[in-house]
Amino acid sequence: MAKLIIVGKGPAGISAALYTARAKIPTLIIGRDGGALAKTDRIENYYGFAEPVSGTELLEAGIANAKRLGAEILEDEVVGISWDEQFTVRTKSGSYIADAVLLATGAARSAPAIPGLKEYEGRGVSYCAVCDAFFYREKEVAVLGSGEYALHEALELVHTARRVTLLTNGEKLSAALPEQIHLDTRPLTRLTGEDVLTGAEFQTGDPLAFAGLFVAVGVASSSDLAKKLGASVEQNRIVAQPDGSTDLPGLFAAGDCRGGLLQIAKAVSEGALAGTAAIQYIRKLPISVGNEEGQMAFF
Ligand SMILES: Cc1cc2nc3c(=O)[nH]c(=O)nc-3n(C[C@H](O)[C@H](O)[C@H](O)COP(=O)(O)OP(=O)(O)OC[C@H]3O[C@@H](n4cnc5c(N)ncnc54)[C@H](O)[C@@H]3O)c2cc1C
């Protein structure tokens with residue numbers, strides 16, 4: 001079992017891993033892609049380089065160093081996290097258990113500009129199926145999104161809701177659709193309702209009635225994952241102490257997902273602090289049977 005799972009293999013996640021791996025904390029880093037660094041051609045304001053360095057070069061060097069120190073790196077997308085004595089991190093292809101989790105998924109993307117989405121937040125629009133499914137027992141609900149994350153949210157809802165429809169808002173579906181979930185790919189013009197949400201209208205002019213809309217566009221961000229665990233999130237940013245700890249014991253956050261200066265130096269600094277805080281947290285935990293060897297158990 002990994003003692004620590006880090007979600008994100010950008011500067012924040014890798015920097016944290018350099019500390020935890022050196023401290024002999026079994027560390028599993030799960031990252032989907034190169035994040036913001038992969039989009040950066042030329043960096044000339046980061047310490048230690050006489051000439052500009054490309055984001056990919058910096059990223060690859062960081063990953064190689066983390067591996068050299070003993071961190072395990074898995075290329076996968078995290079779609080959900082839950083806590084029950086330990087953390088269970090669910091990805092597209094499996095589940096992984098850890099004593100602590102460090103979220104470092106980069107800057108949160110903004111929600112799509114569909115009129116009504118902001119207005120009905122908390123009155124029918126939700127960002128967390130596992131938190132709010134209960135309120136929609138035997139009702140019709142919809143999920144907004146087109147990828148693995150949306151599908152994961154839809155599957156959380158099928159047990160409680162009467163009918164679940166995936167609305168891709170004109171996007172092509174990029175995940176295999178189970179038969180319990182209905183699909184509508186037409187672009188949306190607006191959400192409809194009065195005091196509470198009652199449905200949506202498509203560009204074709206057709207309406208669709210539902211009581212709840214679960215937003216799961218793109219890839220789950222740190223704030224999406226933190227919300228599922230009940231940790232505080234404000235304006236789409238995780239609320240964390242200066243050392244990266246959140247109000248949920250064992251959950252840490254670092255980098256662009258915490259807002260502020262969106263720069264590599266700040267992400268690396270927060271990664272170092274959060275990694276150090278995670279080491280202290282894990283070392284204080286009682287040793288559980290089967291963990292003494294520092295083995296990672298994946299299933
Ligand atoms: C075009 C561009 C140019 C920039 N230029 C500079 C510059 O010159 N100097 C500078 O200091 N900064 C620059 N930045 C900013 C810098 O790249 C970021 O501040 C920094 O990369 C943030 O690090 P991070 O680790 O927080 O997030 P990121 O680097 O974004 O890494 C996020 C990681 O999380 C992963 N992830 C996200 N969601 C999931 C999920 N659900 N499951 C699994 N993994 C997930 C991603 O795949 C990625 O590995 C630039 C950014 C951009 C976009």
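Heads up: the structure comes first, above all this text.
Anyway, here's the lowdown on the structure attached to this text.

Conventions and cut-offs
- Numbers given for residues are sequential positions, taken from 1 along each chain in its written order.
- This being a predicted model, a pLDDT of at least 70 is required before a residue's local features are given, and a value of 80 or more before pairs of side-chain atoms are given or counted; all residues contribute to the totals for chains, interfaces and linings.
- Side-chain descriptors were evaluated using all non-hydrogen atoms of the structure, hydrogens and water having been removed beforehand.
- Only DSSP runs of H or I reaching four residues or more are called helices, and only runs of E reaching two or more are called strands; each is numbered from the N terminus.
- As a reference, a globule follows 2.2 Å times the number of residues to the power 0.38, and the radius of gyration itself is taken over C-alpha atoms.
- Only protein chains enter the accessibility calculation, which uses a 1.4 Å probe; a residue whose area is less than 20% of its type maximum is buried, one above 50% is exposed, and one in between is partly exposed.
- Every residue pair with non-hydrogen atoms within 4.5 Å of one another is taken to be in contact.
- Note on areas: these come from Shrake-Rupley sampling with a 1.4 Å probe, and a residue is covered only by the protein chains present in the view.
- Residues scored as positive are Lys and Arg, those scored as negative are Asp and Glu, and His as well as the terminal groups of each chain are ignored.
- Charged side chains are reduced to one point each, which is NZ for Lys, CZ for Arg, CG for Asp and CD for Glu.
- Only when DSSP finds a minimum of two bridges between them are two strands counted as paired.
- Between N-to-C directions, angles cover 0 to 180 degrees, with each direction set by a line fitted to C-alpha atoms, over the stretch in contact for helices.
- Here, a salt bridge means any Lys or Arg side-chain nitrogen found within 4 Å of an Asp or Glu carboxyl oxygen.

Our next topic: the overall build of the chain. A count of helices and strands for the chain gives six helices and 18 strands. Taken over C-alpha atoms, the radius of gyration comes to 20 Å for the chain, in line with the 19 Å a tight globule of 299 residues would show. For the chain, the C-alpha atoms occupy an extent of roughly 55 × 50 × 35 Å along the three principal directions. Relative to its full complement of 299 residues, the chain shows a buried share of 48%. In the chain, once contacts between residues fewer than 6 apart in sequence are set aside, the share between residues at least 24 apart is 58%. As presented, the chain carries roughly 14700 Å² of accessible surface, and 51% of it is formed by carbon and sulfur atoms. Treating the 28 positive side-chain charges of the chain as one cloud and the 36 negative ones as another, the clouds have centres 2 Å apart.

Let's shift gears to the pairing of strand E13 (residues 197–202). By the bridge criterion, five bridges tie strand E12 (residues 188–193) to E13 in an arrangement that is antiparallel. In the sheet register, Leu188 faces E13, and the bridge partner there is Phe202. Between E12 and E13, which pair antiparallel one after the other, the connecting turn spans three residues. In textbook terms, the turn of a hairpin is the stretch between consecutive antiparallel strands, and for E13 and strand E14 (residues 207–209) this stretch comprises four residues, one of which, Gly205, has a positive phi near 95°.

Taken in spatial order, the five strands make up an open sheet running E3-E2-E1-E7-E18, and their pairing is parallel. Each end of this open sheet is capped by a strand with a single partner; those strands are strand E3 (72–75) and strand E18 (251–253). On average, each strand axis in the sheet is tilted by 20° relative to the strand beside it, whichever way the strands run. For strand E1 (residues 4–7) and strand E7 (residues 100–103), the ladder comprises four bridges, and the chain directions are parallel. The residue bridging Ile5 from the neighbouring strand is Val101, located in E7.

Both faces of strand E15 (residues 212–215) are covered, namely the face carrying Gly212 and Phe214 and the face carrying Leu213 and Val215. Across two bridges, strand E8 (residues 125–126) lies against E15 in parallel orientation. Residue pairing in the sheet places Ser126 in a bridge with Phe214 of E15. Pairing of strand E9 (residues 140–144) with E15 involves four bridges; the strand directions are parallel. The partner of Leu144 across the bridge, within E15, is Val215.

Time to look at the environment of Ile30. Structurally, Ile30 is set in strand E2 (residues 27–31). Taking C-alpha positions, Ile30 is 28 Å from Leu167, a pair spaced 137 residues apart along the chain. Those residues in contact with Ile30 that sit more than four places away from it in its chain are Ile5, Ile6, Val7, Gly8, Leu74, Asp76, Val78, Val89, Thr91 and Tyr96.

Here we come to the pattern of salt bridges. Counted according to the given criterion, the structure contains twelve salt bridges. With a closest N to O distance of 3.2 Å, Glu75 and Lys9 form a salt bridge. Placement of Glu75 in strand E3 and of Lys9 in the loop between E1 and helix H1 (11–22) is noted, with a sequence separation of 66 residues between them. On the basis of relative accessibility, which here comes to 61%, the residue Glu75 falls in the exposed class. Owing to a relative accessible area of 9%, Lys9 belongs among the buried residues under this scheme. A salt bridge links Asp206 to Arg186, with the nearest nitrogen and oxygen atoms 2.7 Å apart.

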